[in-house]
Amino acid sequence: MIEHLPVLLVVLPIVGGAIPLAASLVSDRAGWPVATLTLVGQTGLAGLLAWTVSSSGTVSYAVGGFAAPYGIELVVDGLSAAVALLVAVISLGVLAYARKAGPHSGPFYGLYLLLVAGLTGMTVTGDVFNLYVFLEITGLAAYGLVASGRDASAAVAALKYLIIGTVGASLYLLGVGYLLAATGTLNMADLATKLGEMAAYDSTLVLTAFGLMVGGLTVKVALFPLHTWQPDAYANAPDTVSAFISALVSTVSAYALARLLFSVFTVDFLTAVPVARWALVGLACVSIVAGSALAVSQDSVQRMLAYSSVSQFGLVVAGFAIATPLAVVGATVHLLGHAVMKGGLFAATGVIERKTGATTVNGYAGMGSRVPVSAFAFAVLSLAMVGVPPAVGFVGKWYIVLGAVNAENWPVVAVLLASTLLTLAYFARLVERLYFAEATIHSKPDEAPVTDGSGQAVSFGMIAVVVIAAALAVVLTAAVPTLEHVLRETLIPVLNQ
Amino acid sequence: MSMLTAVPPVVVLLAVAIVVSQLPRRAGHAVGVLVPALAVLWAVMVPEGAHLQTQFLGFDAVLLNVDPFSRLMGIIFGLIAAVAVLYSYASEADTTQTGYALSYVATSFGAVFAGDWLTLIFFWELMAVTSTLLVWHYGGKAVRAGFRYALLHGLGGTLLMAAILRHYVEVETFLFASVPGGPETAGITSGLAAALAAIGIGVNVGFIGLHAWLPDTYPRPHIAASVFLCVFTTKTGVYGMYRAFPNGHEAIAYMGGGMAVFGALFALFQNDMRRLLSYHIQSQVGYMVAGVGIGSALSQAGAFAHVFNHILYKGLLFMTAGVVIYRTGTESLKKLGGLWREMPITAGAFSIAALSIAGFPGFNGFVSKGIIISGSHYTFGKGPLPLGEFYTLEWLLLLGGVGTFMSFIKFGYYAFFHGEYDGSVPDANRLQSVAMVSVAALCVIYGVYDTALFAILPFDVTSEAVVHHVYKTYTIPHLIEGVVLAVLGLIGFAVTKKPLSKLGRVPDIDSVYNPALFYGFRGLVVGVTELYAAVDRAVVQTTGIVTRTVTSPNDVIARLRDDDTLVHPMRAGIGLSILILAVFVTVALLALS
């Protein structure tokens, strides 16, 4: 059983996802329990896998018994185990939110579980083409989820997401083709050894493959200037979906980018082709600054949070591109921490909107007393995102900055430090509005307009999700040493080889 | 003896210049005549090889260096300075101007008695400053001319400075070869340093193209100031040229020949008396530059003999022109005439000076010009264009002589002998007459008793051991040559008199570069000003934005706000997003490969 864990992680949500679709012919209410059941199992499996990896190192699995490099190999090391566990936990948590917030349809939960399957698949796969397949599964499920909002704007946002996302995925596929042409293999570990041997790192073929694959994934990660789909998708999707995809989709794409850097192209490539490293670092820095600047200029809180992601993923990618052990640990911590914090923030905006109708920065004025618990959670999550110790946001940034200092990459250090100020610029404004400004919205909650129309009430589960996210944002700091240990055992050797 | 070498003359003379400017007019000028006269005595007496070594800006420097070259310069500088101060007093110059003039004399002494390049350039630049002050003191049109003069000399001095620095890099000392501790070879290092030095000194001696300051500046200030100006700057330049190129240089020799012809030609076109004389400075300095450039002992002795004689007759010429202006208030030859009846002493002095400068037998110019021409024939190559017996440089110099005769016949004819002068003017006053007659006497004495001149030359031109070809002034062919040149000059003047009288102002090189410089600088200034204004505006605006952002951040944020309900210009549509993606990937791929 243990050796089948990686593939079970992918199979379980696919099978689970088929049930609500079929059950919806009979009852719309079957979706949630099935999904919950599936994801509880998924979380258990992911936890077990993570425990296995942390105790006995990297796990690999040949799908269908076809041995690598010809068969599809699933490889789970510390980084992928952590991300897989994150996917399982957050998708289970968001279900608690969705119980009341909806949408309440069978197909919704089908897509939801399919997205979980796609994300998990991207996380555990050790094959670049298989990664593409799961990338598309993730994408298609995400497009469908964004479109599940009842507004026309949700449909438009989903269409935009679909077109841009598909072009991005196609670029990635093109890059995979170039790699296959260069080496004749698709297996990541095999590619890592053959690149450099069969095709020089600075050959046009390899460089083109790198450019196309990284470019394609950059669309999915939503770094500036390829982020344009993301604010629309996050802001126009139903709150459940916003919380879910903002927490996970970009996160897993960033994970895939890191996987590509470390396990396919390897650090040797970055050393041999400094321009590639500089291009990535430069892109990340531009993203940090531009994302923050755009976030400051937003009126809608959800759009602001979306642009914040553009900036935060710049930070993560910068950490991965610097590629020193410290920076990689920092980027991983920030990747996971950001997922929890950003998901919690989006969930909180949903709660606040339902209770008060406030969706804009000015609308948030004086809401600290109207929705004390959610507002407090929102404030805690905001400060965690800014990087106030002891929150996990601080630890991640701290490690990345240390890594950049170790690498003596001073421009990046400057941008990283400035990014804290920039993040403060927009989150401090929100916190100030919440607690220190006169209220601008006085209508009663039940009269408040709700945009996605999927119910106005706020359940205990919804608030619990927000509160737990806020708590996790602080508590996760305690888990950092464990994570660092696992990463040092499984991933760092890959960096130093 | 130690008294003579205790202090360099420049120190004493500078102190005297200050004293003169503060004293009453009569007493000041008396001191001003006496001290340069004593300086002549000092220059004669001071022992050869005397040195005054010191540290200057942390480098070895020699403030006093006496050899035959600097001694000759000292004698003639002191002589003419004494006469010129007397003339200044007679011509109603104030003590401030004479003080400036004496400071100019003092710095010239500093330059010619310098024993190293650093001291030389130091006094060289100070000469530019003091002479500019002398020009400016007159006010009016002299001020703008003084600016142009200062600019060009600043440029020349900078080039010479660059040459000296380059030279220092090569030999690691500023000292001249002749002083103890100096380098092995005399002169400036060849190559870039030599080229820079030639051009930098070329400004001072009036190389063709770099000469326009001469006729531009010298006619403008006070008549007595012109007497000083015509002496020191160009002759110190010749001296510097010798120090930089003690073995000569072919290009410099031909430049000298060209200057002799060019200056004489342009002098012919002039009607302003002092402007005409200024072109003749260029022409005469051309002979000296040619002598230095030829590089033989004979020609260099000739060059310095010509420096000596030229200072006498050119000072005299400026004095006579000054007297004419002083009495008639007119500068233009076209408005003068018949003055020989009114001012016979001046006319007589002018005739002697004119015959001297033209090189007529019996006058000092005949002696020294003869040495140089002899040097150009016997100690220099045939050159690219020899005409029969005459070598290229030789006939250039002879042609310059014809031009000199022509233009001085013109000067004399129009000023003194042509027609009648309307009205009556007095002749030169008593002291002016004393000054002019004494210099005129010297012109004749050194012409007739040429051995007196030979005695002070750095090389004995009559000794076969010293020079390649022994020079004898009064030989039949040389006399014939002098007379033939005069006759040719007469014929030439008679032929060209009519066309020349119809000629308007002939533009010189400065009519090109003055406007070019003016508009160039104006463009530069306007550009710099506008740039400054633009930067200023940008800074003020930025400051305003920052101030607004700090004082009322909410307004700024409200202005930037991305309103959710509107189609925002910064929100990219699907098409634009795809375009951005395509461009991004293209750029990335191009950057990577």
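Located above this text is the structure these notes cover.
Residues numbered from 1 in each chain as written. Chains lettered and ligands numbered in written order. Predicted model: local features only at pLDDT ≥ 70, side-chain atom pairs only at ≥ 80, totals over all residues.

Asker: Help me understand the overall build of chain A, please; the structure alone is not making it clear to me.
Answerer: Summing up its helical and strand segments, chain A has 20 helices and 2 strands in all. The burial tally for chain A puts 64% of its 497 residues in the buried class. For chain A, long-range pairs separated by at least 24 residues make up 80% of all intrachain contacts whose partners lie at least 6 apart in sequence. (Helix = DSSP H or I, 4+ residues; strand = E, 2+ residues; numbered from the N terminus. Buried ≥ 20, exposed ≤ 12 C-beta atoms within 10 Å, placed from the backbone. Contact = placed C-beta atoms within 7 Å.)

Asker: Looking at this model, I keep getting lost on the overall build of chain B. Mind explaining?
Answerer: Scanning chain B from terminus to terminus reveals 23 helices and 2 strands. The burial tally for chain B puts 52% of its 593 residues in the buried class. Of the contacts formed within chain B by residues at least 6 apart in sequence, a portion of 79% connects residues at least 24 apart.

Asker: Explanation requested: the nonpolar core in the structure shown.
Answerer: Within soluble globular proteins, side chains that are nonpolar generally end up buried alongside one another. Counting 206 residues, the largest nonpolar core has Leu49, Val146, Leu257, Val317, Ala318, Leu381 and Ala473 of chain A as its most contacted members. In terms of residue count, the dominant contributor to this core is helix α10 (residues 239-272) of chain A (20 residues). Those residues in contact with valine 317 of chain A, other than ones at most four positions away along the chain, are Val221, Leu223, Ala254, Leu257, Leu280 and Ala284 of chain A. Formed by 190 residues, the second largest nonpolar core is a distinct cluster that contains Leu14, Leu86, Leu134 and Val231 of chain B. (Core = buried A, V, L, I, M, F, W, Y, C linked by C-beta atoms within 7 Å.)

Asker: So what exactly am I meant to see when it comes to the pairing of strand β2 (residues 59-65) of chain B here?
Answerer: In the case of a regular strand, side chains alternate between the two sheet surfaces. All names here are of chain B. Counted residue by residue, β2 has 5 buried out of 7 residues, so it is predominantly covered. Sheet topology places strand β1 (residues 51-56) next to β2; 6 bridges connect them, and they run antiparallel. Its bridge partner lying in β2, histidine 51 is registered against asparagine 65. (Pairing = 2+ DSSP bridges.)

Asker: Would you mind showing me how to read the packing of helix α4 (residues 106-124) of chain A against α10 of chain A here?
Answerer: The packing of two helices is summarised by the inter-axis angle and the distance between the axes. All names here are of chain A. One way to put it is that α4 packs onto α10 with a least axis distance of 9 Å and a crossing angle of 20 degrees. Classified by the angle between their axes, α4 and α10 sit roughly parallel to one another. Between α4 and α10 the crossing geometry is left-handed. Residue-level inspection shows Leu119, Met122 and Thr123 of α4 in contact with α10, the latter providing Leu248, Val252, Tyr255 and Ala256. For the contact of α4 with α10, the class distribution of residues is 6 nonpolar, 1 polar and no charged. (Axes fitted to C-alpha atoms, helices over the stretch in contact; angles between N-to-C directions. Parallel < 35°, antiparallel > 145°, perpendicular 65-115°, else oblique. Left-handed = near helix turned anticlockwise from the far one by under 90°. Nonpolar A, V, L, I, M, F, W, Y, C, P; charged D, E, K, R; others polar.)

Asker: Quick question: what am I supposed to make of α10 of chain A here?
Answerer: An α-helix turns once every 3.6 residues. As a result, residues three or four positions apart point the same way. If you look at α10 of chain A, its biggest bend is around 95 degrees, right at phenylalanine 265 of chain A. Counting buried residues in α10 of chain A gives 30 out of 34 residues, a clear majority hidden from the surface. (Bend = angle between axes of the 7 residues up to and from the residue.)

Asker: What's the story with the interface of chain A and chain B in this structure? I'm lost.
Answerer: It is common to give the size of an interface as the accessible area lost on bringing the parts into contact. Contact with chain A, which involves 27 residues of that partner, is made by 19 residues of chain B. With 8 residues, helix α8 (residues 204-221) of chain A is the largest single contributor of residues to the side of chain A that touches chain B. Split into classes, the residues belonging to the side of chain A that touches chain B amount to 15 nonpolar, 9 polar and 3 charged.

Asker: Help me out: how do you make sense of helix α9 (residues 229-236) of chain A in this one?
Answerer: Most of α9 of chain A is tucked away: 8 of the 8 residues are buried. Structurally, α9 of chain A contributes buried residues whose contacts are with α5 (128-147), α6 (152-183), α10 and α12 (301-322) of chain A together with α23 (574-592) of chain B.

Asker: When you look at the packing of helix α13 (residues 325-356) of chain A against helix α15 (residues 372-386) of chain A in this model, what are you seeing that I'm missing?
Answerer: Residues and elements named next belong to chain A. Between α13 and α15, the least distance of the axes is 9 Å, while the angle of their chain directions is 150 degrees. Here α13 is positioned roughly antiparallel relative to α15, judged by the angle of their axes. The way α13 lies across α15 gives a crossing that is left-handed. Contacts between α13 and α15 pair Met341, Gly344, Leu345, Ala348, Val351 and Ile352 from the former with Ser374, Ala375, Ala377, Phe378, Leu381, Ala384 and Met385 from the latter. Broken down by class, the residue content of the contact of α13 with α15 amounts to 11 nonpolar, 2 polar and no charged.

Asker: Explanation requested: unusual backbone geometry in the structure shown.
Answerer: Leaving glycine aside, a negative phi is the common case for residues, and trans is the common case for peptide bonds. Residue and element names in this part refer to chain A. Cis peptide bonds are those with omega within 30 degrees of zero, and the linkage from phenylalanine 224 to proline 225 qualifies with 5 degrees. One can find proline 225 in the loop between α8 and α9. Omega for the bond connecting proline 389 with proline 390 falls within 30 degrees of zero, at 5 degrees, which places this linkage in the cis form. Its location among the elements puts proline 390 in the loop between α15 and α16 (392-406). Of note, the phi angle at threonine 266 is positive, near 70 degrees, even though the residue is not glycine. Of note, threonine 266 is situated in helix α10.

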